[in-house]
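An overview of the molecular structure
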Amino acid sequence: MDLTYSEEEEAFRRELRAWLAEVLPKLPAKPDAGDWPARRAYDLGWQRALYDAGYAGLHWPEDAGGRGATPTQHLIFLEETERAGAPYVGANFVGLLHAGPTIAAVGTQEQRRRWLPPILRGEEVWCQGFSEPGAGSDLAALRTRAVRDGDCYVVSGTKLWTSHAEVADWCELLVRTDPDAPKHRGISWLAMPMDADGVTVRPLRTLAGSEEFAEVFLDEVRVPVSYRVGEENDGWRVTMVTLSFERGTAFVGEVVACRRVLGELADTARANGRWDDAVLRRRLGRLNAEFAALWRLTQWNVSEAQHAGAGVPGVGGSVFKLRYSHARQELYDAAAEVLGAAGAVDTDHAWIADRLSSLSYTIAAGTSQIQRDIVAERLLGLPKGR
């Protein structure tokens, strides 16, 4: 892709900067980190502001409610909003970054009309019901059952690590609709309303003390067949679309944030005397090169996804996810080194809280082992492991 900016793209940047400068000072104070209902309201308020200004779903196709922006405009948007300190997508990252793009890519017109506008307007929150006890890394081993009963599926099972389930309206849910089929071929992708009878949510506390994950128990939950995205038993293919977005483009904004944090680390090291450590300087310099390369890979992945037709990222997403997961952990290990012994145990410090959360990145959205298998088999053409 052409990595230079056209005059039209620079004009877009100036327009966006002006809007951010006007609207950000008027935002209310951020709610307490543990108050998820308040955080939901705050995040959806920001999403509505984006929608009203024409920036919601910037890169989504126009027939899916987006602006049909170019890959470069999308990246400019991510750069400028992060640099300006704008809110992240927050509680509805599943809807905006996973479920919404999946429905836009493979859903019916009726499904697109039903679910995409409320996501973009900041009216509905989604969560992800993929992982289960005993079926995390081996996602195709899931056991949650969906039995057809007329125009509904009757769903029973348990989901684990369901992000923001306690404030979600909908769940992108994987279920087994044919228990006798090979495990990859008997799965379906459903949109499940979280207020349906038989849904029970139990929050889980993380190492950092937060509760953005939950267990979700499903006891004969009735889900209309019309809420199935893709054909029955074709859910694995639909899931690969979802995971392509999750691995390929969902972390794009975080790369920009990491580059900002890296600059802050250097400034802090200069201020507290740690900059005199040549080993630390080399470490920060290597990380600077690492994230610069990841940003270029991001640009390539986003451009490739756009030109592929449906905007679905390819195998490059796994290359990115694999390296980014480890680079993020290394970044926040360096943050602890910059802060020194006293600061490294201050869990209230944003960098230390992020250091704890970074431990999950080599597991979330597919473990690093899985990403290596994907790269080896689909990119390098190596034989499958046993």
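Before reading further, recall that the structure is shown in the block above.
Attention here is on the structure that accompanies the text. (Residues numbered from 1 in each chain as written. Predicted model: local features only at pLDDT ≥ 70, side-chain atom pairs only at ≥ 80, totals over all residues. Heavy atoms only, no water.)

Turning next to the overall build of the protein. Regarding its fold elements, the protein presents 11 helices and 8 strands. Within the protein, the fraction of its 386 residues that count as buried is 49%. Here the contacts in the protein between residues at least 6 apart in sequence split such that 71% fall between residues at least 24 apart. By element, 51% of the accessible surface of the protein is carried by carbon and sulfur atoms, the whole surface being about 17,800 Å². (Helix = DSSP H or I, 4+ residues; strand = E, 2+ residues; numbered from the N terminus. Buried < 20%, exposed > 50% of the residue type's maximum accessible area, 1.4 Å probe, protein only. Contact = heavy atoms within 4.5 Å. Areas by Shrake-Rupley, 256 points an atom, 1.4 Å probe, with all protein chains shown as cover.)

Across all of its chains, the model carries 10 aromatic pairs by this definition. Between Phe-12 and Tyr-55, the ring centres sit 6.3 Å apart and the planes meet at 65°, which makes this aromatic pair edge-to-face. Note that Phe-12 is positioned in helix 1 (residues 7–23) and Tyr-55 in the loop between helix 2 (36–53) and helix 3 (71–83), a separation of 43 residues in sequence. Given the relative accessible area of 4%, Tyr-55 is considered buried. Seen from their ring centres, Trp-161 and Phe-213 are 5.9 Å apart, and the 90° between their planes marks the pair as edge-to-face. One end of the pair, Trp-161, is in the loop between strand 3 (152–159) and strand 4 (170–176); the other, Phe-213, is in strand 7 (residues 213–224), with 52 residues separating them in the sequence. (Phe/Tyr/Trp six-rings, centres within 6.5 Å; stacked < 30°, edge-to-face > 60°.)

Quick look at the side chain of Gln-47 now. Here Gln-47 shows up in helix 2. By relative accessible area, which is 6% here, Gln-47 ends up buried. When neighbours within four sequence positions are excluded, Gln-47 is seen to be in contact with Ala-56, Leu-96, Ile-119, Leu-120, Arg-121 and Gly-122.

Along an α-helix, a turn takes 3.6 residues, which lines up residues three or four apart on a common side. By the burial criterion, the buried members of helix 10 (residues 350–358) are Trp-351, Ile-352 and Ser-358. The buried residues of helix 10 occupy one face: seen down the axis, they fall within an arc of 120°. (Arc of directions from axis to C-beta.)

Okay, the pairing of strand 1 (residues 126–129) next. Residues of strand 1 alternate between two faces, with Trp-126 and Gln-128 on one and Cys-127 and Gly-129 on the opposite face, all of them buried. Pairing geometry for strand 1 and strand 4, over 4 bridges, is parallel. Looking at strand 4, one finds that Cys-127 is bridged to Cys-171. (Pairing = 2+ DSSP bridges.)

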